[in-house]
Amino acid sequence: MIRDNVNMADTCDASVIRGAGQTESIGLSGYYEVKCHGSDGILKWEDVINNVVTTVGKNGVLDTYLGNVAAGTIVMGLKGTGTAVAADTQASHATWLEVGLANAPTYSGNRPTPSFSAASAGVKSTSAALTFAMTGSGTVAGCFINVGGSVTKDDTTGTLFSAGDFTAGSKGVTSGDTLSVTYSATAA
């Protein structure tokens, strides 16, 4: 049995004049199981192999998912108060709401589409900050990434890849504020 261990984490840093951030993690593991049977069909031996996942392998995982235009548009949105959980989907995240359109605070335009740099050293990051120009007042609790959905706020299609809250708690914003958000996913 060979085990591949890939520990992945992603971060999202946002600022509304004052800084905030979040960290999420995801772990992937795999292993090889090897069995040797003799010509008589009897098991002679078996073993398990735990192995190293290479940096180029980690970069490949990150580039394949977050750099795959065939998977659909990748967008970023803002989330309101409430805890994101692993069972959340873009269509069903009962403990929190997306902010920006039907839920205050509002921001101009659609959900922004991030551009990513190539993964390097097991990290894939946005190549520039995404901006959210606030047009209303309210509370922002965090961010989310959607793959294969729509740029339209409150749209429930696509795959909810990542969602989380600012480490220092929810932040108040007012009309005229701008949030600048970068995103990094790490395969550790």
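Residues numbered from 1 in each chain as written. Predicted model: local features only at pLDDT ≥ 70, side-chain atom pairs only at ≥ 80, totals over all residues. Heavy atoms only, no water.

K.L.:
Describe the overall build of the protein chain, naming the residues involved and giving the relevant values.
P.N.:
Helix and strand content of the protein chain: one helix and 13 strands. Split into buried and exposed, the 188 residues of the protein chain put 38% on the buried side. A fraction of 71% describes how many contacts in the protein chain between residues 6 or more apart in sequence connect residues 24 or more apart. (Helix = DSSP H or I, 4+ residues; strand = E, 2+ residues; numbered from the N terminus. Buried < 20%, exposed > 50% of the residue type's maximum accessible area, 1.4 Å probe, protein only. Contact = heavy atoms within 4.5 Å.)

K.L.:
Lay out the pairing of strand β5 (residues 74-79) with the relevant residues and their values.
P.N.:
Burial runs high along β5: six of the six residues are buried. Residues Ile-74, Met-76 and Leu-78 of β5 are buried on one face, and the alternating residues Val-75, Gly-77 and Lys-79, pointing to the opposite face, are buried as well. One ladder, built from six bridges, connects β5 with strand β10 (residues 142-147); its direction is antiparallel. What sits directly across from Ile-74, in β10, is Val-147. (Pairing = 2+ DSSP bridges.)

K.L.:
Can you tell me about the packing of aromatic side chains, naming the residues and giving the values?
P.N.:
The tally for this structure, following the rule as stated, stands at four aromatic pairs. With a centroid separation of 5.3 Å and an interplanar angle of 35°, the aromatic rings of Tyr-65 and Phe-161 are classed as tilted. Of the two residues, Tyr-65 sits in helix α1 (residues 55-66) while Phe-161 sits in strand β11 (residues 159-165), which places them 96 residues apart along the sequence. Classification of Tyr-65 by relative accessible area gives partly exposed; the value is 30%. Look at Tyr-107 and Phe-132: their rings are 4.9 Å apart centre to centre, the planes differ by 85°, and that puts the pair in the edge-to-face class. Of this pair, Tyr-107 sits in the loop between β6 (98-99) and β7 (123-125) while Phe-132 sits in strand β8 (residues 130-133); the two residues are 25 residues apart in sequence, bridging distant segments of the chain. Residues Tyr-107 and Phe-132 agree in their burial class; the two are buried. Here the guanidinium or amino end of Lys-153 rests over the ring plane of Tyr-107, the centre of that ring lying 4.1 Å away. (Phe/Tyr/Trp six-rings, centres within 6.5 Å; stacked < 30°, edge-to-face > 60°. Lys NZ or Arg CZ within 6 Å of the ring centre and 35° of its normal.)

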